[in-house]
Amino acid sequence: MTHPSIDVLLSETRNFPPSEDFKAKANSRDASVYETAARDPEKFWEKWAKELKWDNPWKTTLDWKPPHAQWFKEGKLNACVNCVDRHVLDEKGGEHARSKKKALIWEGEPGDTRTLTYGDLYREVNRFANVLKKIGLQKGDRVAVYMPMTPEAVIACLACARLGLVHSVVFGGFSAESLRDRINDAEARALITADFGWRRGKRIELKKAADEALQGTASIEKVIVYRRDEKEPVCTMKSGRDLWWHEEMQKAAEFTAPVSCHAEDMLFTLYTSGTTGKPKGIVHTTGGYLTGVYATTKWVFDMRDEDVYWCTADIGWITGHSYVIYGPLSNGATVFIYEGSPDWPEKDRFWRLIEKYKVTIFYTAPTAIRAFMKWGTDWVKRCDLSSLRLLGSVGEPINPEAWIWYQEQIGGSRCPVVDTWWQTETGAIMVTPLPGLTTTKPGSATRAFPGIAAEILNEEGQIVKAGGGFMAITKPWPSMLRTIFNDDARYQQTYWSKWQGRFYFAGDGAHRDEEGYFWFMGRVDDVMNVAGHRIGTMEVESALVDHPSVAEAAVVGKPHDIKGQALVAFVTVKEGVATSAALAEVLKQHAAKKIGAIAKPDDIIFTADLPKTRSGKIMRRLLRDIAEGKALGDTTTLADAAVVESLKQKYAGTEE
Ligand code: WTA
């Protein structure tokens, strides 16, 4: 198991109080904030919201008609202005001191580099907003973004925000079909993509996948294509539909007025996996979301003007939205972005980047940390990491050994480690240490951020003070999802039905220790977490069943040293189909083609039938046991049907 059992976790006695030095300078130093924020969360959040730039003030801080919240509802603002203009122009329209400050420092995988000051970012975003405006897009229209990690990915999102367009970013590792489904669900009018991006020395041809996706999308009118390398563009362009980014930028106006948005206007939708086969478009709005990411960036990462901040997430995930774009830029921070893989050309790439750019804050995922551990400390030791002053972790539970390794080997036992628990749905970090205040324990995300009412509840919705249960949020918070795009019924059902509309159900299991610290244990639903990426069992099952040889499929997660979880698929084939190792390989590739490489099962186990309960539910517990090798020893691609049969006997009569 990558995450030890709860008994082991709770007996974890190592703890790390903040250093005197860190404590003395931290942005958040007053521990009484937990209590004052809990007493009046609205007042707490209002104070944060006031640090943003608003065109019109709000009257109502929170309008809560469960399960629908509106925050700062009469207020008007623009997210792009808060992330860019505010750092370039002062109150009187003169030049702001930050306009010459670096906003984005970028390095591509092959080693090409670019730096954009806030002034540069302002010019780029204004021009690109003009490009979007000229193709006829209007406030509220959805725009799909399918980009490599380049400054243009950030510029694209900010330009959408400037015009009140709703961006829907699709991770560049997703397949053409996944892109098509997301475009169709959001009814996006335009797509912003690139000819290609670099990954492990290979060109990932995004435009080619986009062309395939666009064969099945009626809503897309225009495609804007960023040329990753001027020397060799690698795609074809469809006349009348496709436009080159660089050509349009040359023709664009220098200034494009920002559109003043209502606090509750949609800022973006981002698709994430759930328990059905269909990903859901999580809806985030403008004022509350920005307040949440602004506040958490400032306090959790202790963000200051002189920092060089690096969050390794791709903008295709929520972490990229909140902690590459909106959180740090609304704070006027310097953000470092890297395009490629951590082991390219060598396994020390990340450490070389930290050394080269003097990164001070580093935020990554446990799956990456476990890979670094496996690669060994020699790669780390040859680089100077003394610029680092704070480390963060996100995406899945971090096992104590990985936490300690991170803290010692990367942080030089000098940097606080913040393990941050949150979700696409929560918009911003929810459970986390505050680095100047919280004594950390390896493996625990510690406490709720001030103003967040996080609890563990039992089945009946009663609070479990110390012990295990379901993770829940019992009061609305500004950056919460507002709904699921075009499917409010699913929103109510997924997040609010467990306790009759009273509390938000997160889908995670967690424990709370005697001191009230949270210890996360993973999902309690049919959502898996592979290398920090959320993936639904049903999505992968649907992809497999789509193959002509497959009759039925059931997918479970098995523990994996590096990825946290790996996918194991149990497959029954159609009459007359012969099972073989070759077919298993074909099916793995099929899942990867349908969804993306993250959905490729590690193992395919052929079985004559799938074990089901009397009510017809697949017995996942049994399958998980088989996948974990509890009964089988090493799993092989061709499981002996008799083994499945004997396990079935063992579990016979038990309903899951
Ligand atoms: C898991 C990523 C334990 C959790 C920001 C959650 C975590 C899901 C942590 C959301 C953490 C995220 N400790 N588990 N620090 N952070 N998770 O939507 O299961 O991609 O429900 O958001 O990741 O994944 P999502």
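Now for a description of the structure that goes with this document. (Residues numbered from 1 in each chain as written. Predicted model: local features only at pLDDT ≥ 70, side-chain atom pairs only at ≥ 80, totals over all residues. Heavy atoms only, no water.)

**Structural notes on the packing of aromatic side chains**
For step 1, the next point in the chain: Taken as a whole and assessed by the stated rule, the structure comprises 52 aromatic pairs.
For step 2, the next point in the chain: Look at Trp48 and Trp299: their rings are 5.0 Å apart centre to centre, the planes differ by 80°, and that puts the pair in the edge-to-face class. Residue Trp48 is found in helix H4 (residues 41–49), and its partner Trp299 is found in helix H11 (residues 287–300); the two are separated by 251 residues along the sequence. There is no split in this pair, since Trp48 and Trp299 are both buried.
For step 3, the next point in the chain: Aromatic pair Trp351 and Phe372: ring centres 4.7 Å apart, planes at 70°, arrangement edge-to-face. (Phe/Tyr/Trp six-rings, centres within 6.5 Å; stacked < 30°, edge-to-face > 60°. Helix = DSSP H or I, 4+ residues; strand = E, 2+ residues; numbered from the N terminus. Buried < 20%, exposed > 50% of the residue type's maximum accessible area, 1.4 Å probe, protein only.)

**Some remarks on empty space enclosed by the protein**
For step 1, the next point in the chain: In total, this model carries three cavities of 30 Å³ or more according to the counting rule given.
For step 2, the next point in the chain: The space that makes up the largest cavity amounts to roughly 40 Å³.
For step 3, the next point in the chain: Taken together, Ala79, Ala161, Gly164, Cys261, Met266, Leu267 and Thr286 make up the full set of residues lining the largest cavity.
For step 4, the next point in the chain: Taken together, the residues of the lining of the largest cavity sort by class into five nonpolar, two polar and no charged. (1 Å grid on protein atoms, 1.4 Å probe; cavity = no way out; pocket = protein on both sides within 12 Å on 5 of 7 lines; lining within 4 Å. Points joined across faces, edges and corners; volume = space filled by probe spheres on them. Nonpolar A, V, L, I, M, F, W, Y, C, P; charged D, E, K, R; others polar.)

**Topic: the pattern of salt bridges**
For step 1, the next point in the chain: Under the definition given, this model contains 50 salt bridges.
For step 2, the next point in the chain: Note that Lys65 and Asp63 form a salt bridge whose closest N and O atoms lie 3.0 Å from each other.
For step 3, the next point in the chain: On the basis of relative accessibility, which here comes to 13%, the residue Asp63 falls in the buried class.
For step 4, the next point in the chain: In this structure, Glu339 and Arg228 form a salt bridge, with 2.8 Å as the shortest nitrogen-oxygen distance. Taken together, the residues Glu339 in the loop between strand S17 (334–338) and helix H13 (349–357) and Arg228 in the loop between strand S11 (222–226) and strand S12 (242–244) connect sequence positions 111 residues apart. In this structure, Glu339 and Arg228 share a single accessibility class: buried.
For step 5, the next point in the chain: Put simply, Glu177, Arg180, Asp181, Asp546 and Lys594 are held in one network by salt bridges that share partners. (Salt bridge = Lys/Arg side-chain N within 4 Å of Asp/Glu carboxyl O.)

**Comments concerning the sheet that holds strand S21 (residues 454–457)**
Backbone-to-backbone hydrogen bonds pair the strands of a sheet. The strands run either parallel or antiparallel.
For step 1, the next point in the chain: If you walk across this open sheet you meet the four strands as S21-S22-S24-S25, and the pairing is antiparallel. Strands with a single pairing partner mark the edges of an open sheet, and in this sheet they are S21 and strand S25 (518–523). Shown here is a sheet whose adjacent strand axes are inclined to one another by a mean of 45°, direction ignored.
For step 2, the next point in the chain: With five bridges joining them, strand S24 (residues 504–512) and S25 adopt antiparallel strand pairing. Looking at S25, one finds that Asp508 is bridged to Arg523. (Pairing = 2+ DSSP bridges. Axes fitted to C-alpha atoms, helices over the stretch in contact; angles between N-to-C directions.)

**Focus: the pairing of strand S18 (residues 361–364)**
For step 1, the next point in the chain: Side chains Ile361 and Tyr363 of S18 all project onto a buried face; the interleaved residues Phe362 and Thr364 project onto the opposite face, where all are buried too.
For step 2, the next point in the chain: Taken together, the three bridges between strand S16 (residues 308–311) and S18 define a ladder with parallel strand orientation. If you follow Trp310 over to S18, its bridge partner there is Phe362.

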